[in-house]
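Each chain is listed here by its residues.
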Amino acid sequence: MSATLKLTHKAIGVEVRRGTFDVVVDGERVGSLQMNDTIEMPIELGHHTLQIRDGRNLSRTLTFDATECQVVAFRCTGKRLLPIFLLSFVVPRLALSLRPE
């Protein structure tokens, strides 16, 4: 059996970083996600890490556990508050936001 990973790339208002994001699960690129798009993919059961990337810009790495027939959902965006946006030029892992839904 497997679980499902669901990712949504959506922001309200203007998003400066609106490119296609690479989806990285357990350190491997498993797909890409375009603006205003949602993707679903099967994942193995167990403990996983998740990160999104766009060139040098990336999100913090999140961990999650997937159980049988579960849908694990996350939302990502390139929209950040101005102080975090400016700091992301020095600390690239702050550039993209990834959070559970």
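Up top you'll find the structure we're talking about.
Nothing here was measured: the structure is a model prediction, and the numbers come from that model.

### Digging into the pairing of strand 7 (residues 62-66)
Here is step 1: Side chains L62, F64 and A66 of strand 7 all project onto a buried face; the interleaved residues T63 and D65 project onto a face where none is buried.
Here is step 2: Sheet topology note: the strand 5 (residues 46-54)/strand 7 ladder contains 5 bridges and is antiparallel. Within strand 7, the residue paired with G46 across the bridge is A66.

### As for the nonpolar core
Here is step 1: In terms of nonpolar packing, the biggest core is built from 21 residues, with L5, L7, V23, L50, F64, F74 and L98 touching the most fellow members.
Here is step 2: Among the elements of the structure, strand 1 (3-9), strand 2 (21-25), strand 4 (37-43), strand 5, strand 7 and strand 8 (71-77) are those that each provide at least two residues to this core.
Here is step 3: When sequence neighbours within four positions are dropped, the list of residues in contact with L5 reads V25, I39, E40, M41, I43, L50, F64, V72 and F74.

### Let's talk about the sheet that holds strand 1
The strands that make up a sheet pair up through hydrogen bonds in the backbone, lying either parallel or antiparallel.
Here is step 1: The strand order across the open sheet formed by 4 strands is 4-1-8-9, and the pairing between neighbours is mixed. Since the sheet does not close on itself, it has two edges, and those belong to strand 4 and strand 9 (97-100), each with one partner. For this sheet, the mean angle separating the axes of adjacent strands, direction not counted, is 20°.
Here is step 2: The sheet contact formed by strand 8 and strand 9 spans 4 bridges and is antiparallel. Opposite F74, over in strand 9, you have P100 as the bridge partner.

Analysis parameters
- Residues numbered from 1 in each chain as written.
- Predicted model: local features only at pLDDT ≥ 70, side-chain atom pairs only at ≥ 80, totals over all residues.
- Heavy atoms only, no water.
- Buried < 20%, exposed > 50% of the residue type's maximum accessible area, 1.4 Å probe, protein only.
- Helix = DSSP H or I, 4+ residues; strand = E, 2+ residues; numbered from the N terminus.
- Pairing = 2+ DSSP bridges.
- Core = buried A, V, L, I, M, F, W, Y, C linked by side-chain atoms within 4.5 Å.
- Contact = heavy atoms within 4.5 Å.
- Axes fitted to C-alpha atoms, helices over the stretch in contact; angles between N-to-C directions.

Remember that the coordinates give geometry; whether it matters functionally is a separate question.
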